Amino acid sequence: MSPTTQSAYSQLEDVVGCKWSVSVLRAIAEGVSRPGALERHVQGISTKVLSERLRKLTSYGLLAKQVYAEVPPRTEYSLTENGQKLVRIIDQLKLLDVEIKRAET
């Protein structure tokens with residue numbers, strides 16, 4: 001199924017279902033905005049996977065890409081309004097996980 005025929009929810013699953021997407025979103029929320037810095041910040045991610053995640057997160061509308069016409073060229077990513085909303089939801093899930101673990105002990 002092509003991305004244009006997928007439902008919005010299926011696209012969301014495709015984007016955030018990858019184990020790297022949440023790490024990339026969190027890093028950008030923390031102010032890490034350039035691809036090289038993201039690769040160093042997100043332990044274990046390859047250049048190829050990072051590029052794919054950035055492309056998918058941007059195409060889904062969670063990230064905005066800004067390319068500066070400089071030598072050497074500079075690219076920075078930031079969260080869109082929807083990206084910020086998703087990061088808040090991820091933060092709530094993290095808090096829920098902490099509460100569940102606390103209740104188990």
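Please refer to the structure placed before this passage.
Draft legend 1. View of the overall build of the protein chain. Helices and strands together make up the secondary structure of the protein chain, namely five helices and two strands. Across the protein chain, helices and strands are ordered from the amino to the carboxyl terminus as α-α-α-α-β-β-α. The C-alpha extent of the protein chain, read off along each of the three principal axes, is 55 × 35 × 25 Å. A total of 105 residues make up the protein chain; the buried ones form 26% of that total.

Draft legend 2. Main features of a nonpolar patch on the surface. Taken together, Ile-89, Leu-93, Leu-96 and Ile-100 make up a surface patch of nonpolar side chains, about 360 Å² in accessible area. Tracing the chain through its elements places Leu-93 in helix H5 (residues 81-104). On the accessibility criterion, Leu-93 (53% relative accessible area) is exposed.

Draft legend 3. Representation of the nonpolar core in the model. Counting 21 residues, the largest nonpolar core has Val-24, Leu-25, Ile-28, Leu-38, Leu-54, Leu-57 and Leu-63 as its most contacted members. Looking at this core, the elements with two or more residues in it are helix H2 (19-29), helix H4 (47-59), strand E2 (74-79) and H5. Top element by residues in this core is H2. It accounts for five residues. Residue contacts for Leu-54: discarding those within four places in its chain leaves Val-24, Ile-28, Pro-35, Leu-38, Leu-63 and Tyr-77.

Draft legend 4. Quick look at H5. Taking 1.5 Å of rise per residue, the 24 residues of H5 would be expected to cover 34 Å, and the 35 Å separating its terminal C-alpha atoms lies within 8% of that figure. Those residues of H5 not exposed but buried are Gly-83, Leu-86, Val-87 and Ile-90.

Draft legend 5. Geometry of the packing of aromatic side chains. Summed over all chains, the structure comprises zero aromatic pairs. Directly above the aromatic system of Tyr-68 lies the positively charged group of Arg-74, at a separation of 3.8 Å from the ring centroid.

Draft legend 6. The side chain of Ser-21, seen in detail. Of note, Ser-21 is situated in helix H2. Among all residues touching Ser-21, those that are not within four sequence positions of it are Val-15, Val-16, Arg-53 and Leu-57.

Draft legend 7. Focus on the packing of H2 against H4. Where H2 contacts H4, the two axes come as close as 10 Å, and the packing angle between them is 75 degrees. Classified by the angle between their axes, H2 and H4 sit roughly perpendicular to one another. Contact residues: Trp-20, Ser-21, Val-24, Leu-25 and Ile-28 in H2; Val-49, Leu-50, Arg-53, Leu-54 and Leu-57 in H4. Of the residues in the contact of H2 with H4, the class split is eight nonpolar, one polar and one charged.

Scoring rules and cut-offs
- Residues numbered from 1 in each chain as written.
- Predicted model: local features only at pLDDT ≥ 70, side-chain atom pairs only at ≥ 80, totals over all residues.
- Heavy atoms only, no water.
- Helix = DSSP H or I, 4+ residues; strand = E, 2+ residues; numbered from the N terminus.
- Buried < 20%, exposed > 50% of the residue type's maximum accessible area, 1.4 Å probe, protein only.
- Patch = residues over 30% accessible without salt bridge, like charges linked within 9 Å, V, L, I, M, F, W, Y side chains within 5 Å.
- Areas by Shrake-Rupley, 256 points an atom, 1.4 Å probe, with all protein chains shown as cover.
- Salt bridge = Lys/Arg side-chain N within 4 Å of Asp/Glu carboxyl O.
- Core = buried A, V, L, I, M, F, W, Y, C linked by side-chain atoms within 4.5 Å.
- Contact = heavy atoms within 4.5 Å.
- Expected span 1.5 Å × (residues − 1).
- Phe/Tyr/Trp six-rings, centres within 6.5 Å; stacked < 30°, edge-to-face > 60°.
- Lys NZ or Arg CZ within 6 Å of the ring centre and 35° of its normal.
- Axes fitted to C-alpha atoms, helices over the stretch in contact; angles between N-to-C directions.
- Parallel < 35°, antiparallel > 145°, perpendicular 65-115°, else oblique.
- Nonpolar A, V, L, I, M, F, W, Y, C, P; charged D, E, K, R; others polar.

These figures come from the coordinates and say nothing about function on their own.
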